[in-house]
Amino acid sequence: MSRERQCSGSKADGSPCGAVPQLVNADGLCPAHRPGGRREMSERGRKGGRANKRAAGLDPSELPPLTSHADAQSWLETIGRAVASGRLPERQAQAAIRAVAEWVRAEGERAAVEVLDELRAEIDELKSSLASGSIRAI
Ligand SMILES: [Zn+2]
């Protein structure tokens, strides 16, 4: 029996199995990792569980593009429903809510700048009108 023989399976933390070489068969697997073995089964279940968790959450198609405050409200409602129903993990929900809040903040700034630009343009227009005498100062 080769002393180099090692089980090709891995432990729950991803490190090599480390089963004593005497336990490893010609197929390169220890009893626990052999098809149908205890560890193989539990790892398969664990991986499946992880995959399912990763798949959970919101489908991007459920969220409209964020272009208005109504869209932001729609996002929050969808996120709220998904959390309440257990479909969206709280961590992801918090991240999504932060993203909405950040959008609302940025949109507020953008709108404020837009209003200022409009006011500035109106003032310039009034000034030039006054200068040309087309309207009289009140
Ligand atoms: Zn093993």
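Higher on the page you've got the structure.
Because the structure is predicted, anything quoted here is derived from the model rather than measured.

Considering the overall build of the protein
Across its full length, the protein holds three helices and zero strands. In the protein, the order of α-helices and β-strands from amino to carboxyl end is α-α-α. The buried share of the protein, reckoned over its 138 residues, is 9%.

Observations concerning the packing of helix H2 (residues 69–84) against helix H3 (residues 90–132)
The relative placement of two packed helices is expressed as an angle between their axes plus a distance between the axes. In contact at an axis separation of 10 Å, H2 and H3 are set at 170 degrees when each is read in the N-to-C sense. The orientation of H2 relative to H3 falls into the category roughly antiparallel. Across the interface between the two elements, His-69, Ala-72, Trp-75, Leu-76, Ile-79 and Val-83 of H2 pack against Glu-90, Ala-93, Ala-96, Ile-97, Val-100, Trp-103 and Val-104 of H3. Classifying every residue of the contact of H2 with H3 by side-chain character gives eleven nonpolar, one polar and one charged.

Examining the nonpolar core
Listed in full, the five residues of the largest apolar core are Trp-75, Ile-79, Ala-82, Leu-88 and Ala-96. The element that contributes the greatest number of residues to this core is H2, accounting for three residues.

Here's the deal with the environment of Val-24
Relative to the assigned elements, Val-24 resides in the segment before helix H1 (38–55). For Val-24 and Arg-34, which are ten residues apart along the polypeptide, the C-alpha to C-alpha distance reads 9.4 Å. Setting aside residues up to four positions removed in sequence, Val-24 forms contacts with Arg-5, Gln-6, Cys-7, Ala-19, Leu-29 and Cys-30.

Considerations on H3
Over its 43 residues, H3 runs 62 Å from end to end, which matches the ideal 63 Å to within 8%, given 1.5 Å per residue. With respect to burial, H3 is a largely exposed element, only one of its 43 residues being buried. Count one or two residues on from H3 and you reach Gly-133, which has phi positive near 80 degrees.

What to know about H2
Between the first and last C-alpha of H2 there are 22 Å, a value that for 16 residues agrees with the 22 Å anticipated at 1.5 Å per step. Those residues of H2 lying buried are Trp-75, Ile-79 and Ala-82. Buried positions in H2, seen along its axis, are confined to an arc of 65 degrees and lie on one side of it. Residues of H2 that are exposed and point more than 90 degrees away from the buried face comprise Ala-70, Gln-73, Glu-77 and Ala-84. On its buried face, H2 is in contact with H3. Downstream of H2 by a residue or two, Gly-86 has a phi angle that is positive, lying close to 80 degrees.

Reading the values: rules and limits
Residues numbered from 1 in each chain as written. Predicted model: local features only at pLDDT ≥ 70, side-chain atom pairs only at ≥ 80, totals over all residues. Helix = DSSP H or I, 4+ residues; strand = E, 2+ residues; numbered from the N terminus. Buried ≥ 20, exposed ≤ 12 C-beta atoms within 10 Å, placed from the backbone. Axes fitted to C-alpha atoms, helices over the stretch in contact; angles between N-to-C directions. Parallel < 35°, antiparallel > 145°, perpendicular 65-115°, else oblique. Contact = placed C-beta atoms within 7 Å. Nonpolar A, V, L, I, M, F, W, Y, C, P; charged D, E, K, R; others polar. Core = buried A, V, L, I, M, F, W, Y, C linked by C-beta atoms within 7 Å. Expected span 1.5 Å × (residues − 1). Arc of directions from axis to C-beta.

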